[in-house]
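Each chain, letter by letter, is given below.
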Amino acid sequence: MTPNAKILSLNVGRPRDVEWRGKVVRTSIFKAPVPGRVQVKGLNLQGDEQSDLEVHGGTDKAVYAYPSEHYPFWRGELPGVEFPWGAFGENLTTEGLLEDKVHIGDRFRAGAAEFVVTQPRMPCFKLGIRFDRPDMVKRFLRSGRTGFYLAVLREGEIGAGDSLERLAEDDNHVTVADIVALYAADSANQDLLRRASELRALPVSWREYFRERLWEPDE
């Protein structure tokens, strides 16, 4: 069980066109907190919509959660920048769930909805648009403070203040932080790579990526 884990804020946003480096880009990264209770659907929250479905959204990335514990770090990194809840494009600003304690495949319940953790967030250039900083993607990845995506197992209403109850912990015990570390560099950790490549909750593209980095035994 995860004591005292909860949702601090629900954040949604619709696609909008913004100018970035001389081009018009369509993005949904600008999220804002919403009051009351919100219906969780299979692909997103009510009132939320992804812009580019080739790289965002889908069942494996229906809901994005980001730990509120990371906000003080970013305020220190980027003084003078405003950081309202939802600043990183997250749907759920959470408390009590950090990447090194949350496993791929863990199941959670909030309100009437149930979720499963699927993968860390790998940012695209639109994070740079959100903060008007081209270096933001590199900063984000380097920090290891990625947050994580959730697939929806059961639709239902949720609201700010709802507890996040861990219903089941995945037996493989591969954390979100483990996946980030493997992605960044750690091909020497073959045991962890193998375990990651076999995680059923991890999307196929991730599993294939890790499988390709496994060392083949000598024949």
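Above this note sits the structure.
Everything numeric in this text was worked out from a predicted model, so none of it was measured. (Residues numbered from 1 in each chain as written. Predicted model: local features only at pLDDT ≥ 70, side-chain atom pairs only at ≥ 80, totals over all residues. Heavy atoms only, no water.)

(A) How the structure looks around the overall build of the protein chain. Helix and strand counts for the protein chain stand at six helices and 12 strands. Computed over C-alpha atoms, the radius of gyration of the protein chain comes to 17 Å, within 12% of the 17 Å expected from 2.2 N^0.38 for 219 residues, which places it in the range of a compact globule. C-alpha extents for the protein chain along the principal axes are approximately 60 × 45 × 30 Å. In the protein chain, which comprises 219 residues, the proportion classed as buried is 50%. Long-range contacts, defined as pairs at least 24 residues apart, comprise 73% of the intrachain contacts of the protein chain with a sequence gap of at least 6. Counting every atom, the protein chain has about 11,000 Å² of accessible surface; 47% of that belongs to carbon and sulfur. Charge centroids of the protein chain, computed over 30 positive and 34 negative side chains, lie 5 Å from each other. (Helix = DSSP H or I, 4+ residues; strand = E, 2+ residues; numbered from the N terminus. Rg over C-alpha atoms; globule rule 2.2 N^0.38 Å. Buried < 20%, exposed > 50% of the residue type's maximum accessible area, 1.4 Å probe, protein only. Contact = heavy atoms within 4.5 Å. Areas by Shrake-Rupley, 256 points an atom, 1.4 Å probe, with all protein chains shown as cover. Lys, Arg positive; Asp, Glu negative; His and termini not counted. Charge placed at Lys NZ, Arg CZ, Asp CG, Glu CD.)

(B) Here's a closer look at the packing of helix H4 (residues 176-184) against helix H5 (residues 190-197). Between H4 and H5, the least distance of the axes is 11 Å, while the angle of their chain directions is 115°. By the angle between their axes, H4 is roughly perpendicular relative to H5. Relative to H5, H4 is oriented so that their crossing is left-handed. Facing H4, whose interface residues are Asp178, Ile179 and Leu182, H5 presents Leu192, Leu193 and Ala196. (Axes fitted to C-alpha atoms, helices over the stretch in contact; angles between N-to-C directions. Parallel < 35°, antiparallel > 145°, perpendicular 65-115°, else oblique. Left-handed = near helix turned anticlockwise from the far one by under 90°.)

(C) Inspection of the sheet that holds strand S4 (residues 32-33) at higher detail. The strand order S4-S1-S7-S6-S10-S9-S8-S12 describes an open sheet built from eight strands, whose pairing is mixed. Each of the sheet's edge strands pairs with one partner strand only, and the pair in question is S4 and strand S12 (165-168). As paired elements, strand S1 (residues 6-12) and strand S7 (residues 92-95) share four bridges and run antiparallel to each other. What sits directly across from Ser9, in S7, is Thr93. (Pairing = 2+ DSSP bridges.)

(D) Quick peek at the pairing of strand S9 (residues 113-120). Taking burial as the measure, the eight residues of S9 include eight buried ones, the bulk of the element. Taking the residues between adjacent antiparallel strands as the criterion, strand S8 (residues 107-110) and S9 are bridged by two residues, where Gly111 takes a positive phi near 55°. Taken together, the six bridges between S9 and strand S10 (residues 148-154) define a ladder with antiparallel strand orientation. Within S10, the position partnered with Glu114 by the bridge is Arg154.

(E) Focus on the nonpolar core. The biggest cluster of nonpolar side chains holds 36 residues, and the ones touching the most others in it are Leu45, Leu92, Phe115, Ile158 and Ile179. Every residue in contact with Leu92, bar those within four places of it in the chain, is listed here: Ile7, Ser9, Leu10, Asn11, Leu45, Val63, Tyr64, Ala65, Tyr66, Leu150 and Ile158. (Core = buried A, V, L, I, M, F, W, Y, C linked by side-chain atoms within 4.5 Å.)

(F) Region of the structure containing the packing of aromatic side chains. The tally for this structure, following the rule as stated, stands at 19 aromatic pairs. Considering the side-chain rings of Phe73 and Trp74, the 5.0 Å spacing of their centres and the 80° angle between planes classify their relative orientation as edge-to-face. With a relative accessible area of 26%, Phe73 lands in the partly exposed category. Residue classification places Trp74 among the buried residues on the basis of a relative accessible area of 0%. Taken together through their ring pairs, the aromatic side chains of Tyr64, Tyr66, Tyr71, Phe73, Trp74, Phe83, Trp85, Phe88, Phe131, Phe140 and Tyr149 make up a single cluster. Lying over the aromatic face of Tyr149, Lys61 brings its terminal NZ or CZ to 5.7 Å of the ring centre. The lysine or arginine in question, Arg130, covers the ring of Phe131, its NZ or CZ lying 5.2 Å from the ring centre. (Phe/Tyr/Trp six-rings, centres within 6.5 Å; stacked < 30°, edge-to-face > 60°. Lys NZ or Arg CZ within 6 Å of the ring centre and 35° of its normal.)

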